[in-house]
Amino acid sequence: MSSRLPGFYRLSIAARRAQVDGTRTAPLDWTALDDGGLDAAVADHLIENVVGTYALPFALAVNFAIDGNDTLVPMAVEEPSIVAAASNAARMVRERGGFTAEVSAPIVIGQIQVVGIADVGTAARAIDRARAELLERARALLPRLVDRGGGPVDITARVLASDGPDGGVVVVHLHVDCCDAMGANLVNGLCEDLADEVAAIAGGTVGLRILSNLTDGRTVTITARVDDQALASSPDAGDGALERRAIAAASRFAELDPYRACTHNKGIMNGVDAVLLATGQDWRAVEAGAHAFACSSGRYQPLATWREDGLGLIGRLHMPLAVGTVGGALHVHRAARTALTLAGVTSARQLAAIAGAAGLATNLAALRALATDGIQRGHMALHARVVARAVGATGELVEQVASELAIAGDIKAERARLILARLTGHPIQELP
Ligand code: MEV
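Procedures and definitions
- Residues numbered from 1 in each chain as written.
- Predicted model: local features only at pLDDT ≥ 70, side-chain atom pairs only at ≥ 80, totals over all residues.
- Heavy atoms only, no water.
- Near = heavy atom within 4 Å.
- Polar contact = N/O pair within 3.5 Å; in protein donor to acceptor, adjacent residues only side chain to side chain.
- Areas by Shrake-Rupley, 256 points an atom, 1.4 Å probe, with all protein chains shown as cover.
- Helix = DSSP H or I, 4+ residues; strand = E, 2+ residues; numbered from the N terminus.
- Nonpolar A, V, L, I, M, F, W, Y, C, P; charged D, E, K, R; others polar.
- Pairing = 2+ DSSP bridges.
- Axes fitted to C-alpha atoms, helices over the stretch in contact; angles between N-to-C directions.
- Contact = heavy atoms within 4.5 Å.
- Core = buried A, V, L, I, M, F, W, Y, C linked by side-chain atoms within 4.5 Å.
- Buried < 20%, exposed > 50% of the residue type's maximum accessible area, 1.4 Å probe, protein only.
- Parallel < 35°, antiparallel > 145°, perpendicular 65-115°, else oblique.
- Salt bridge = Lys/Arg side-chain N within 4 Å of Asp/Glu carboxyl O.

Asks: Could you clarify how one ought to interpret the site of the ligand in this entry?
Replies: All residues adjacent to the ligand are Glu79, Arg260, Thr263, His264, Lys266, Gly267, Asn270, Ala366, Leu370 and Ile375. The separation between an oxygen atom of the ligand and a polar side-chain atom of Lys266 is 2.7 Å. In the environment of the ligand, an oxygen atom lies 2.9 Å from a nitrogen or oxygen atom belonging to the side chain of Asn270. Isolated, the ligand exposes 300 Å² of accessible area, and the fraction of that covered by the protein chains is 86%. Those elements giving two or more residues to the shell around the ligand turn out to be α10 (258–278) and α13 (348–371). Of the residues forming the shell around the ligand, the biggest block, six residues, is contributed by α10. For the shell around the ligand, a count of residues per class yields three nonpolar, four polar and three charged.

Structure (structure tokens):
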């Protein structure tokens, strides 16, 4: 299966589906993507006070090669240009072999807070001494996970305060290999089940029992190389060396300044979150973990950096990415399951690699645009289509109105209505 689908963006939705089917051994059941994959009756059992469902565009980013595998990257996102940007960056990266991913073991930390401890040093040592026995108890509480090759792998204690309003405070970390689950339910349940025993050993009272979303034991590292040639904005715009230098400088800017690093990371999360949403993941958990991780040196840092490497660039993204391919919304969300099928995902490891690669791709595309034309030109061309539709253009008229708006450099509803009226010969429609 090739993910290199030139001209995919020009096709109709039906033709895109047919082209994807042509790359598969069996055609896909696309119906889940016709109704958003979740009907109101099912949604009513998912959360409280449901009055309907809420849809987002679902798209496929093309050109991705990850660890040598061509991959269609499912994205659910409302912001124009993210899918195009990811696909363009993936095309540049594939010329140098594509993205490579290192995915750590899926270790998630559960925290049991113990308060009111008289002597925190003694408490921490007691937990240390009881480690093997507690670990055995913890593993017995998750037999199915242990059977799948995962389960609790370590127990550690951290002293947080020796005295204060909560007395002595120790937090006990349960390190759990969650296999293909995101792990929140598994780990939270384990913390609750083990808390009384842990508190008794530590000589204190149970406080909070919950996983940590700072999953610094569950990370991805994505590497990508790009040649100058691929970076050149157009065939006659030079050899790409200017773009290379500008992207490396933009990366240094993010490393020096948390105000810039935040926006740089937003560009990464554009890709990561779009994949997480499409595949039914807890993107809030990944967001929380990403930003805490970005701060782990004491100063907020970019999650991806770019360095000059001969006549090209090398990019590296390193971030926590806790995802699951079993459990969670996947039980009920047909579109999320379709997204996993489209991407050929069968493990959490693969999904983390795809989300990470999407993040590095959208970061590269953003830095290249910022370092050359600026971000507004591309954004505005796409925004023009939204404005054209908003004033009533349909079918081919959308492109015609959008391109006239873009040429005029005035992407406003008023002008769009004038253009539409001229093209159709109909009087100007009043907007509701
Ligand atoms: C916009 O959604 C994302 C960017 O601001 C990212 C960046 O500045 O690197 C373009």
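Asks: I would appreciate a short explanation of the sheet that holds strand β3 (residues 100–103) in the present structure.
Replies: Strand-to-strand pairing in sheets goes through backbone hydrogen bonds, with the strands running parallel or antiparallel. Ordered in space as β3-β8-β10-β9, the four strands form an open sheet in which the pairing is antiparallel. This sheet does not close on itself; its edge strands, each paired only once, are β3 and β9 (304–308). Ignoring strand direction, the axes of neighbouring strands in this sheet form an average angle of 15°. Pairing geometry for strand β8 (residues 219–227) and strand β10 (residues 312–320), over nine bridges, is antiparallel. By the bridge assignment, Val226 is partnered in β10 with Leu313.

Asks: Looking at this structure, I do not really get the sheet that holds strand β6 (residues 168–177). What am I missing?
Replies: Taken in spatial order, the four strands make up an open sheet running β5-β6-β4-β7, and their pairing is antiparallel. The open sheet has two free edges, formed respectively by β5 (151–161) and β7 (205–211), since each of these has just one partner strand. Here the average twist between neighbouring strands, direction ignored, is 20°. Its contacts with the sheet put helix α7 (residues 184–202) on β4 (107–117), β5, β6 and β7, and the angle it makes with β4 is roughly 30°.

Asks: Honestly, the nonpolar core in this entry has me stumped. Any pointers?
Replies: Considering soluble globular proteins, one finds that nonpolar side chains tend to be buried as a cluster. Formed by 63 residues in total, the largest nonpolar core has its most connected members in Phe64, Met75, Phe99, Met319 and Leu321. With 13 residues, the top contributor of residues to this core is α13. Excluding residues that lie within four positions of it along the chain, Phe64 makes contacts with Ser3, Asn69, Asp70, Thr71, Val73, Ala86, Ala90, Arg94, Phe99, Ala357, Ala358 and Ala361. Core analysis: the second largest hydrophobic core is formed by 32 residues, Val114, Ala184, Leu194 and Ala199 among them.

Asks: What's the story with the packing of helix α4 (residues 120–129) against α7 in this structure? I'm lost.
Replies: Packed helices, taken two at a time, are described by the angle between their axes plus the distance between the axes. Running from amino to carboxyl end, α4 crosses α7 at an angle of 125°, the nearest separation of the two axes being 8 Å. As summarised for this structure, α4 and α7 are arranged oblique, according to the angle between their axes. Contacts from Ala123, Ala126 and Ile127 in α4 reach Val198, Ile201 and Ala202 in α7. Counted by class, the contact of α4 with α7 contains six nonpolar, no polar and no charged residues.

Asks: What is the right way to read the pattern of salt bridges from this model?
Replies: For side chains of opposite charge, pairing can occur when their charged atoms come near one another. By the definition in use, this model includes 17 salt bridges. In this structure, Lys266 engages Glu79 in a salt bridge whose closest nitrogen and oxygen atoms are separated by 2.9 Å. Of the two residues, Lys266 is situated in helix α10 and Glu79 in the loop between β2 (69–76) and α3 (82–94); the sequence distance between them amounts to 187 residues. When salt bridges that share partners are traced, they join Asp228, Arg244 and Glu308 into one network.

Keep in mind these numbers describe shape, not what the thing actually does.
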